[in-house]
Amino acid sequence: SSDLYQDIIKERAIICICWKWEDQTDVDSLHWDNNQCDKKMLESFVKVANQADEIVGHNGDNFDLKWIRTRCLYHGLDMFPDYTTIDTLKISRSKFRFNSNKLDYIGQFLGIGKKIKTDYSLWKEILLNKSSKHMALMIKYCQQDVKLLEKVYKKMSSHINAKTHFGVIFNSDKKDCPECGSDDLHIRSYRYSATGQKKVQYQCNTCHKYHTKASK
């Protein structure tokens, strides 16, 4: 027997990366160079990722970020050790019971869109023939994924706990909504822990998300 890595003919690289800022209309894109090297693309994208308060992805924690980090390690490029991420695949598994947790299925289930169909010939034309036409199709495919991801994320958002307290970022006031920074809140209920601590559940009148904090 032999180790599988000894059978590798050529190391895999990232063909293209697409992303958008929340509520931005256009989806930005980068792709590898004419020599099929992904180093310059990764240099550019890491600068974008480092600006983000949160990074949203579907299986982004286990796939996208790991692949990007691995290729950056290969090229000797620095990345932050950690990023604040929201993985809609993890959320779909932990909060819901879909028939499938694939992004394409969830988008169609919610009636908000679907992925563009592709097949192996698309990759083959890019890899073997360096086809600019097929590269454009690949980018279009990835851009649709990003648009669909944002729609799914927004549909799920009321079920997702805030990871970044935007009230502190915007207003330096922890009484504000941790999700959007709005101070237009109303009390939905009071809760008591097993130790007798009183907690207040708020709902934001701007983004409609719930959050709970200890009552003084």
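Below is a summary of the structure that appears in this document. From a predicted model like this one, the values you see are computed outputs, not experimental measurements.

Topic: helix H2 (residues 60-75)
For an α-helix, the turn length of 3.6 residues means that residues three or four places apart are oriented alike.
Part 1 of the argument: For H2, with 16 residues, the first-to-last C-alpha span of 21 Å sits near the 22 Å given by 1.5 Å per residue.
Part 2 of the argument: Of all the bends in H2, the greatest, near 30 degrees, is centred on Lys-66.
Part 3 of the argument: Buried within H2 are the following residues: Gly-60, Leu-65, Ile-68, Arg-71, Cys-72 and His-75.
Part 4 of the argument: Considering only its buried residues, H2 is in contact with strand S1 (16-19), helix H1 (39-49), strand S3 (55-57) and strand S4 (85-87).
Part 5 of the argument: With its phi angle positive at about 75 degrees, Gly-76 sits one or two positions after the end of H2.

Topic: helix H3 (residues 88-95)
Part 1 of the argument: Every buried residue of H3 is accounted for by Thr-88, Leu-89, Ile-91 and Ser-92. Buried residues of H3, viewed axially, fall in a sector of 165 degrees; they line one side. When the buried face of H3 is taken as reference, the exposed residues oriented beyond 90 degrees from it are Arg-93 and Ser-94.
Part 2 of the argument: Looking at the buried residues of H3, the elements they touch are S3, S4, helix H4 (103-109) and helix H6 (132-156).
Part 3 of the argument: The backbone nitrogen of Leu-89 lies 2.9 Å from a side-chain oxygen of the residue at the head of H3, namely Asp-87.

Looking at the state of the cysteines
Part 1 of the argument: Tallied over the full model, the rule gives zero disulfides.
Part 2 of the argument: Note on Cys-18: no disulfide assigned, nearest cysteine sulfur contributed by Cys-142 at a separation of 4.7 Å.

Quick look at unusual backbone geometry
Part 1 of the argument: Residue Asn-59 is not a glycine yet carries a positive backbone phi of 65 degrees.
Part 2 of the argument: By the secondary structure assignment, Asn-59 is in the loop between S3 and H2.
Part 3 of the argument: Under the relative-accessibility criterion, Asn-59 is labelled partly exposed at 26%.
Part 4 of the argument: Residues other than glycine seldom take positive phi values, yet Lys-130 does so here, at roughly 50 degrees.
Part 5 of the argument: Among the secondary structure elements, Lys-130 is positioned in the loop between helix H5 (120-129) and H6.
Part 6 of the argument: The class of Lys-130 is exposed, set by a relative accessible area of 54%.

What about the side chain of Glu-150?
Part 1 of the argument: By the element assignment, Glu-150 lies in helix H6.
Part 2 of the argument: Every residue in contact with Glu-150, bar those within four places of it in the chain, is listed here: Lys-20, Trp-21, Glu-22 and Asp-23.

Comments concerning the environment of Lys-133
Part 1 of the argument: Tracing the sequence through the fold places Lys-133 in helix H6.
Part 2 of the argument: A relative accessible area of 60% places Lys-133 in the exposed class.
Part 3 of the argument: Residues Lys-133 and Leu-122, spaced eleven residues apart in sequence, show a C-alpha to C-alpha distance of 9.6 Å.

Things to note about the pairing of strand S7 (residues 210-214)
Part 1 of the argument: As judged from the five bridges shared by strand S6 (residues 198-204) and S7, these two strands associate in the antiparallel manner. Of the residues in S7, the one forming a bridge with Lys-199 is Ala-214.
Part 2 of the argument: Hairpin connection between S6 and S7: a loop of five residues separates the two successive antiparallel strands, and His-208 in this loop has a positive phi of roughly 70 degrees.

Definitions and cut-offs
- Residues numbered from 1 in each chain as written.
- Predicted model: local features only at pLDDT ≥ 70, side-chain atom pairs only at ≥ 80, totals over all residues.
- Heavy atoms only, no water.
- Helix = DSSP H or I, 4+ residues; strand = E, 2+ residues; numbered from the N terminus.
- Expected span 1.5 Å × (residues − 1).
- Bend = angle between axes of the 7 residues up to and from the residue.
- Buried < 20%, exposed > 50% of the residue type's maximum accessible area, 1.4 Å probe, protein only.
- Contact = heavy atoms within 4.5 Å.
- Arc of directions from axis to C-beta.
- Polar contact = N/O pair within 3.5 Å; in protein donor to acceptor, adjacent residues only side chain to side chain.
- Disulfide = S-S within 2.5 Å.
- Pairing = 2+ DSSP bridges.

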